[in-house]
Amino acid sequence: MENEDTKKIQEMKTDLNLLLECLKYQMDNPFSQKEALVTIHSICQQNSDAGVYFREIGGLVFVKNLAKSSEHSMVKEAALYTLGTVAEKNVYCQQTLCTSELFEDLIWFLSNNDSNTNLKRMSVYVILVLVSNNRTGQTLVRETGCIKILSELFRAILSKYELNLSDKNVFQSYQLWSSVCSALCVCVNNPQNDENQMLCCSLFPHANDWLINCMIPEIIRPICSFIGLTLANNTHVQKYFISVGGLDVLSQVFVQLESDSHKTLSSAKLAVVVTKTVDACIADNPTFGEVLSKYHIVSKLLALLLHESLDLGEKFSIILTLGHCTEACAEKLSLNLREYPFEENEAEQLKDINMKEKNIEEYWKKAKEILHRIEQLEREGNEEKIQREKYKDNVSSVNINIQNTLKHLHTDSIGGGSKVEDKDKSQSRTFHTYKSHGFMSKACINDDQMKTLLKSANPVNACYSESGKNKTSYIANSGCNQNLHEETFEKKDCVSQSRSIYIMFRYNK
């Protein structure tokens, strides 16, 4: 097994060396360079160690320079895509690429009018990968001005509220816009970055306009993710969001979606997405939830909570939001009781307060009933799982007893005894022996089949399976390597190219 793994690693290294060689000697052939880059991407995606080795042989730096220097857009796009994949798979490669120089190159791609939509999208992808889970990347994206370019794209890419996503050009623009949303999300959070949150909150008015004017999943989901992460755990940003009418907009969108949820399942799911964004806004300061009272959000949340299509996680999100909404109401009632004296309208005010308290109690009573129902379903599910396990154990015990009995009978049949036996006993032993051998043979077949299935399910084995079928076509065989060293430079280039073409065919077929 170790020999096979060592052999595969050596093959991977040989493949990457030849592909890098192909990139260097095919500068006048953009199609070959593109295919080589796509193959490098495929290898590194399957094996994170491949990215480390590619960095060690100078491939990462070469591809980065190629993305900047190549005159062909297809080569630039493929180079950026390869860089993104390698950085995403390996943190060391991410750190190597995370430089102000690369961010400045990406800014140039994004701000250049000659860059097509796909090249810009690949540039945004690299930014996302470099910034994700990387405090240094978040700092560089701000200091180089890259986050400002992303903000401009967020405002400018989509110009009309009526999106015809069946149109190819519109759909490509939407994909770029969606990628920008994702990049902005990792700029402000994961880890949380207060400075970047303050910069990105300037986009809230634009986001509000899109939410209220284009109420479709393709817009609501990315914008709610961006808003939720930008204001999470940041009171200053939350106050600004409320000041520009953001919480009112979310409430209006939620009310509409909750109303539509009785007709369509997708509206119920979207309503939960909006609920999570509302909760992110009021979680740190429940008094912000007072804005929601004029939209009767609590009763709408309870109605949504009863939707049968929602899973436990979605219902839990609704209950959390309910808690934060009613917490603000309870605090307000308490303040009223302590601070305001009751004079002429005392009885009427007390009646009003008692009614509000009663409503809140009713809401929580319903919520508790739903929680109890959820817990009951979980218990029933666990009990059913335990019963299945017991049934499996019983079946296993029966199988073991059968095997032991068959083995015992098999032993009896071959264990000797008196040579003079009647014909019936001889036939009986023959029958038992046949059954025993048949049972063991079947077990062996099943075991072999299982090993074959496991082997074919392994992505590394699947990748190199074709090579194993035809050993003469291995690109790493010693005969080819010897010929490479013996031939002239021109012949070496020709052989390397043909072998690189084989590698690209093998990995990309």
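Residues numbered from 1 in each chain as written. Predicted model: local features only at pLDDT ≥ 70, side-chain atom pairs only at ≥ 80, totals over all residues. Heavy atoms only, no water.

**Notes on the packing of helix α13 (residues 204-213) against helix α14 (residues 217-231)**
Relative to each other, α13 and α14 sit at 150°, their axes nearing to 10 Å. Of the possible angle classes, the one that applies to α13 and α14 is roughly antiparallel. By crossing handedness, the relation of α13 to α14 is classed as left-handed. For the pair α13 and α14, the contacting residues are F204, A207, W210 and L211 in the first and I219, I220, I223, F226, I227, T230 and L231 in the second. The residue inventory of the contact of α13 with α14, partitioned by class, reads ten nonpolar, one polar and no charged. (Axes fitted to C-alpha atoms, helices over the stretch in contact; angles between N-to-C directions. Helix = DSSP H or I, 4+ residues; strand = E, 2+ residues; numbered from the N terminus. Parallel < 35°, antiparallel > 145°, perpendicular 65-115°, else oblique. Left-handed = near helix turned anticlockwise from the far one by under 90°. Contact = heavy atoms within 4.5 Å. Nonpolar A, V, L, I, M, F, W, Y, C, P; charged D, E, K, R; others polar.)

**Remarks on helix α4 (residues 59-69)**
Residues of α4 that are buried: G59, L60, V63, K64, L66 and A67. All buried residues of α4 fall inside an arc of 160° around its axis, so they share one side. (Buried < 20%, exposed > 50% of the residue type's maximum accessible area, 1.4 Å probe, protein only. Arc of directions from axis to C-beta.)

**Section: the packing of helix α7 (residues 100-111) against helix α10 (residues 146-156)**
Axis separation between α7 and α10 bottoms out at 10 Å; the angle between their running directions is 25°. Viewed along their axes, α7 and α10 adopt a mutual orientation that is roughly parallel. Crossing handedness for the pair α7 and α10: left-handed. Of the residues in α10, those in contact with F103, I107 and L110 of α7 are C146, I149, L150 and L153. In terms of residue class, the contact of α7 with α10 is built from seven nonpolar, no polar and no charged.

**Let's talk about unusual backbone geometry**
Cis geometry is adopted by the peptide bond preceding P191, which originates at N190 and carries an omega value of 0°. One can find P191 in the loop between α11 (168-188) and α12 (194-200). Positive phi, close to 55°, is recorded for N133, a residue that is not glycine. Given a relative accessible area of 54%, N133 falls into the exposed group. Within the chain, N190 stands out as a residue other than glycine whose phi angle is a positive 65°. With relative accessibility at 39%, the residue N190 sits in the partly exposed group.

**A word on helix α3 (residues 48-56)**
Taken residue by residue, α3 has A50, G51, V52, Y53 and F54 as its buried positions. Of the residues that open α3, the one with a side-chain oxygen 3.0 Å from the backbone nitrogen of D49 is N47. After α3 finishes, the residue G58 shows a positive phi value of roughly 85°. (Polar contact = N/O pair within 3.5 Å; in protein donor to acceptor, adjacent residues only side chain to side chain.)

**Focus: the packing of aromatic side chains**
One pass over the structure, following the stated rule, counts nine aromatic pairs. Look at F154 and F226: their rings are 5.4 Å apart centre to centre, the planes differ by 40°, and that puts the pair in the tilted class. Remark: F226 occurs in helix α14 and F154 occurs in helix α10; sequence separation between them is 72 residues. This pair shows no difference in class: F154 is buried, exactly as F226 is. With centroids separated by 5.0 Å and ring planes inclined at 75°, the aromatic side chains of F204 and F241 adopt a geometry described as edge-to-face. Linking F204 in helix α13 with F241 in helix α15 (residues 235-243), this pair joins segments that are 37 residues apart in sequence. On the basis of relative accessibility, which here comes to 0%, the residue F241 falls in the buried class. (Phe/Tyr/Trp six-rings, centres within 6.5 Å; stacked < 30°, edge-to-face > 60°.)

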